[in-house]
Amino acid sequence: MPRAGLTPALVAEEAARLSDEEGFRSLSLAAVAQRLGVATPSLYKHVDGLAGLRREVALLGANGLGEWVQRAAVGRSGPDALRAVADAYRRYAHTHPGRYTALQQLPGLAGAEPGLTTDPVPVLAAVLRGFGIPEDQMVHAIRTLRSTLHGFVDLETHGGFGLPEDVDRTYALLLEGFIRALGQWPGAEGAADMRRSRG
């Protein structure tokens, strides 16, 4: 029997749950329809095909990640903020692997995107401003931070760390190295002094 009260939001949420449970590659209209108890063609009333469904999952991923890093950053600044945000980033990727993958595969999402309510990028920018990163260097700094966090998480979630040493310790060392690098960022006046004073 078809599920009553189906909405675009419900379809997107079910698609996101499926992606988290079975992997983003498993996402299909047929799989979502089966989970919702409806015929596949009926989903076209609520989503713009598979591409639209993938985009909705990516939006949920972006908003979810944005909310997690935003909460982590509240009341913190400098190295403390970066550590908290980085930990939240990693936890989100582990908790919602399908949504996280969707977000990485659809990188064209930007602040003006309809449905993007909590963009994680401005949170990262705010954290980096605490290190004195100048605005004309901000895009480069954000890209560097995202590459650092995503590279580690991607290797970790795909079994890239096979040796027995503690992966949490490795992550902590990675963050400390990045914090030190920010203290030497070109044009970041006073960043090194701030790093020393805040630890």
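Located above this text is the structure these notes cover.
This structure is a prediction, so every number in the text was calculated from the model and none was measured. (Residues numbered from 1 in each chain as written. Predicted model: local features only at pLDDT ≥ 70, side-chain atom pairs only at ≥ 80, totals over all residues. Heavy atoms only, no water.)

A. Highlighting the layout of surface pockets. The volume enclosed by the largest pocket comes to roughly 270 Å³. If you trace the largest pocket, you find 14 residues lining it, with Pro-97, Thr-101, Asp-154, Thr-157 and His-158 closest to the centre. Sorting the residues of the lining of the largest pocket by element identifies α5 (97–105) and α7 (138–157) as the ones contributing at least two each. The leading source of residues in the lining of the largest pocket is α5, at six residues. The residue makeup of the lining of the largest pocket, split by class, is four nonpolar, eight polar and two charged. (1 Å grid on protein atoms, 1.4 Å probe; cavity = no way out; pocket = protein on both sides within 12 Å on 5 of 7 lines; lining within 4 Å. Points joined across faces, edges and corners; volume = space filled by probe spheres on them. Helix = DSSP H or I, 4+ residues; strand = E, 2+ residues; numbered from the N terminus. Nonpolar A, V, L, I, M, F, W, Y, C, P; charged D, E, K, R; others polar.)

B. Representation of the pattern of salt bridges. Under the definition given, this model contains eleven salt bridges. Where Glu-13 meets Arg-99, a salt bridge forms, and the shortest distance between an N and an O atom there is 3.8 Å. With Glu-13 in helix α1 (residues 8–22) and Arg-99 in helix α5, this pair connects stretches of sequence that are 86 residues apart. For Glu-13, a relative accessible area of 28% translates into the label partly exposed. (Salt bridge = Lys/Arg side-chain N within 4 Å of Asp/Glu carboxyl O. Buried < 20%, exposed > 50% of the residue type's maximum accessible area, 1.4 Å probe, protein only.)

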